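Here is what each chain is made of, one letter per residue.
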Amino acid sequence: MKRSMDELVATAANPWWIEDALRWEGGVPGSPPLAGDLDVDVVIIGGGYTGMWTAWHLKRESPGLRVALLERDRCGLGPSGRNGGFVHGYWGQLGQLRDLFGADGALEVARAADEAQRGILAFCDQAEPDLWLNQAGIAMVSATPEQDLAVEQSVAVARELGVSEEVTAVDGADARGLCASRRFRKGVFYRHGATVQPARLGRMLRRRVIDAGVDVHEESAVDAIRELDGRVEVQTARGRVTAGRAIVTTGASHLQRSGAESRTVNFSSHMIITEPVPDVLDELGWRDGPGIFDARMFVHYLRTTPDGRIAIGSGSGHIAYGGRLPARLYADREAIDRARRGLEFLIPELKGVRVEGAWGGPIDVSGDGLPFFRRSKAGRILRAGGFSGHGVNPSYLIGRILTSLTAERDDEWARLPLVTRKVPRFPPEPFRWAGGNAIRASIARVEDSHQGDVSVNVAQRFVAGLPKLLNMKIGTR
């Protein structure tokens, strides 16, 4: 029996990935909250992928370094545990990287992300199949004539930069060979892509970080961060950490206090997961196939699971006012419904399939869709954010960069163009919220019309075209 939309919205508080990961772990107790005073070399605030990878890199490089990590809930169970689990770097954004950094800078960033990819896969290989690692690659497909241009441009840029082996064109039957949906017109294949169970990866990373000697404290929300007398002081409800350096990797949750409010917005993204449909996957030739996303501005991204389910996300949620985190960002009925309709459009064979769960949450989106760094005036507090819904691979890369910046090294990581660029600003509130949501809604409506779901009027088409007129980075194009 199909679940009603009310039932699906109600599941958002318990993401399917996270529920599965906690069952797999078998009741591992949480780390104790911070109590009393603690003195360390580095304190990390935020126990998602970025904070944990940074802690892991720091301890690998300097085993004697005293590192503490504070997480307000449980490590790996925020955005890191509810994303799509797509592990891939920046070959899909090569055109944007070239426009920002030039040809050499674009390739430098893409190849650094490749090194991060190798590091993540080596980590996952040690625990596979528990982490559901699938190294079948990642593909972007065009599912409507309007999406063809994005695919063609991706192939053209790779050809111009001499890296066609990283962005392989697949047309017609070859695109449908990745997954035999009649909707797939053409696409590009990224050979270095993979998928994992993201919450399991987060929990495994937590285990390895603790084993490495990081002092982890969960349920330890930070109330204040101050720089005093050449040190950093971090205050929680029951304790205090004094450190030589602090690294803040809290993403969307602390946007209002990040000092980067003008360069970032909180945006919601939602996913659904089906009942097991192994027979359909076999018919599609997609049982152990690649992760797939379409070429919309607000993409659909879909992948399979080892027990034959399909998980699909819709990056079309709402923008929050002033960096706040309203309940709608965690349970957006409209975004959940768009994911369901996207699944039935992209793979018509799944029309009427039972959807067993839905979930979502906020992501922090930067002005150019790439992660960035900020250093405090006194230089002892580093912040990283702006992953823009593309964080599994970049979180490892950014953790590597933060390690170099913390040690004040002038190496290839600290000199990457990602670190040194100027991040564009969003308009001030209320224009950011009102204008952003108007553009978001119009783009989503126009792209839904390409699927035959709805009709659009002239005003909606005009508003949807504003990003191109204003040379704004929105979605995948």
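Sequence order as written defines the numbering, with residues in each chain counted from 1. Given that this is a predicted model, residues contribute local features only at a pLDDT of at least 70 and side-chain atom pairs are listed and counted only at 80 or more, while totals for whole chains, interfaces and linings are drawn from all residues. The basis for every side-chain value is the complete set of heavy atoms in the structure, and neither hydrogens nor water enter the calculation.

### Points about the overall build of the chain
Helix numbering and strand numbering both begin at the N terminus, where a helix is a DSSP run of H or I of at least 4 residues and a strand a DSSP run of E of at least 2. Counting secondary structure elements, the chain contains 15 helices and 18 strands. On C-alpha atoms alone, the chain measures out to a radius of gyration of 21 Å, which is about the 23 Å that the 2.2 N^0.38 rule sets for 477 residues. Seen through its C-alpha atoms, the chain measures out along the principal axes to roughly 60 × 50 × 45 Å. Counting every position in the chain, which comprises 477 residues, the buried fraction comes to 59%. Just to be clear, the radius of gyration here is over C-alpha atoms, and the globule rule we use is 2.2 Å times residues to the power 0.38. Three exposure classes are used, based on accessible area relative to the maximum for each residue type with a 1.4 Å probe and protein chains only: buried under 20%, partly exposed in between, and exposed over 50%.

### Some points on the nonpolar core
The term nonpolar core refers to a set of buried residues drawn from Ala, Val, Leu, Ile, Met, Phe, Trp, Tyr and Cys, joined through side-chain atoms within 4.5 Å. Trp17, Leu94, Leu397, Ile398 and Ile401 are the most contacted members of the largest nonpolar core, which totals 85 residues. Ranked by the residues each element gives to this core, the list is headed by helix H5 (residues 94-125), at 14 residues. The contact criterion used is simple: two residues touch if any of their non-hydrogen atoms lie within 4.5 Å. Ignoring anything within four residues of it in the chain, the contact list for Leu397 reads Tyr90, Ala112, Ala113, Ala116, Trp413, Leu416 and Leu418. In this structure, Ala143, Leu284, Ile310 and Ile312 belong to the second largest nonpolar core, which totals 31 residues.

### Some remarks on unusual backbone geometry
Cis geometry is found at the peptide bond from Glu429 to Pro430, where omega equals 10°. Among the secondary structure elements, Pro430 is positioned in the loop between helix H12 (417-420) and helix H13 (431-450). Here the phi dihedral of Asp229 falls at roughly 50°; this positive angle occurs in a residue that is not glycine. With respect to the helices and strands, Asp229 occurs in the loop between strand E9 (222-228) and strand E10 (231-236). Phi is positive for Glu408, close to 55°, though the residue is something other than glycine. The topology assignment puts Glu408 in the loop between helix H11 (392-406) and H12.

### Notes on H13
For H13, which comprises 20 residues, the first-to-last C-alpha distance of 28 Å matches the rise-based estimate of 28 Å (1.5 Å per residue) to within 8%. When H13 is considered as a whole, its buried residues turn out to be Arg432, Gly436, Asn437, Ile439, Arg440, Ser442, Ile443, Ala444, Val446, Glu447, Asp448 and Ser449. Looking at the buried positions of H13, the neighbouring elements they touch are strand E12 (264-274), helix H10 (333-346), helix H14 (458-464) and helix H15 (466-469). What a helix is expected to span follows from its residue count: subtract one and scale by 1.5 Å.

### Details of the packing of helix H3 (residues 49-61) against H11
Where H3 meets H11, the axes come as close as 8 Å, and the angle between the chain directions of the two elements is 45°. For the element pair H3 / H11, the angle class is oblique. At the point where H3 passes H11, the crossing takes the right-handed sense. Across the interface between the two elements, Tyr49, Thr50, Trp53, Thr54, Trp56, His57, Leu58, Arg60 and Glu61 of H3 pack against Val392, Ser395, Tyr396, Ile398, Gly399, Arg400, Leu402 and Thr403 of H11. By the convention adopted, Pro, Cys, Tyr, Trp, Phe, Met, Ile, Leu, Val and Ala count as nonpolar, Lys, Arg, Asp and Glu as charged, and the other residues, Gly among them, as polar. Residues of the contact of H3 with H11, tallied by class, amount to eight nonpolar, six polar and three charged. Axes, fitted as lines to C-alpha atoms, cover a helix only where it is in contact. Angles between the N-to-C directions of the axes lie from 0 to 180 degrees. In these notes the angle categories are as follows: under 35 degrees is roughly parallel, over 145 is roughly antiparallel, 65 to 115 is roughly perpendicular, and the rest is oblique. Put simply, a crossing is left-handed when the front helix is turned counterclockwise from the back one by less than a right angle, and right-handed when it is turned clockwise.

### Here we look at the packing of aromatic side chains
Here a pair means two rings of Phe, Tyr or Trp (six-membered ring of Trp) with centres within 6.5 Å. Their orientation is stacked below 30 degrees between planes, edge-to-face above 60, and tilted elsewhere. The full count for this structure, using the stated rule, is 13 aromatic pairs. With a centroid separation of 4.8 Å and 65° between ring planes, the pair formed by Trp53 and Tyr396 is classed as edge-to-face. Of this pair, Trp53 sits in helix H3 while Tyr396 sits in helix H11; the two residues are 343 residues apart in sequence, bridging distant segments of the chain. The same class applies to Trp53 and to Tyr396, which are both buried. Centre to centre, the rings of Phe86 and Tyr301 are 6.0 Å apart; their planes meet at 85°, and the pair counts as edge-to-face. A residue pair is termed long-range when its members are at least 10 positions apart, and Phe86 in strand E3 (residues 86-87) and Tyr301 in strand E14 (residues 300-304) qualify at 215 residues. Residue Phe86 is classed as buried on the basis of its relative accessible area, which comes to 10%. The structure contains a cluster of three or more aromatic residues connected by ring pairs, namely Trp16, Trp17, Trp132 and Trp359. Whether a charge sits over a ring depends on NZ of Lys or CZ of Arg being within 6 Å of the ring centre and within 35 degrees of the ring normal. Directly above the ring of Phe123 sits Arg208, whose terminal nitrogen or CZ lies 4.9 Å from the centroid.

### Brief notes about the state of the cysteines
Cysteine sulfur atoms that pair up within 2.5 Å are treated as a disulfide. Counting across every chain of the model gives zero disulfides. Here Cys75 stays unpaired: no disulfide links it, and the sulfur of Cys124, its closest cysteine neighbor, is 17 Å away. Residue classification places Cys75 among the buried positions, given a relative accessible area of 1%.

### Quick word on the side chain of Asn134
Within the secondary structure, Asn134 sits in the loop between H5 and strand E4 (138-142). Residue classification places Asn134 among the buried positions, given a relative accessible area of 19%. A polar contact of 3.2 Å, which involves the side chain of Asn134, links it to the backbone nitrogen of Ala136. With residues near it in sequence (within four places) discarded, Asn134 still touches Ala194, Thr195, Asp288 and Gly289. In protein, a polar contact means a hydrogen-donor-capable atom and an acceptor-capable atom, both N or O and within 3.5 Å, with residues adjacent in sequence counting only if both atoms are side-chain atoms; elsewhere, any N or O pair within 3.5 Å suffices.

### Brief notes about a negative patch on the surface
What makes a patch is a set of residues exposed beyond 30% relative accessible area and free of salt bridges, joined within 9 Å when like-charged and within 5 Å when nonpolar (Val, Leu, Ile, Met, Phe, Trp, Tyr). Only the protein chains shown count as covering a residue, and every accessible area follows the Shrake-Rupley method with a 1.4 Å probe. Salt bridges are counted wherever a side-chain nitrogen of Lys or Arg sits within 4 Å of a carboxyl oxygen of Asp or Glu. Charge counting treats Lys and Arg as positive and Asp and Glu as negative, with His and both chain ends excluded. Charge positions are represented by NZ for Lys, CZ for Arg, CG for Asp and CD for Glu. On the surface, Asp104, Glu108, Glu115 and Glu412 cluster together into a negatively charged patch. With respect to the element layout, Asp104 can be found in helix H5. Judged by relative accessible area, which is 67%, Asp104 ranks as exposed.

Nothing here speaks to function; it is all geometry.
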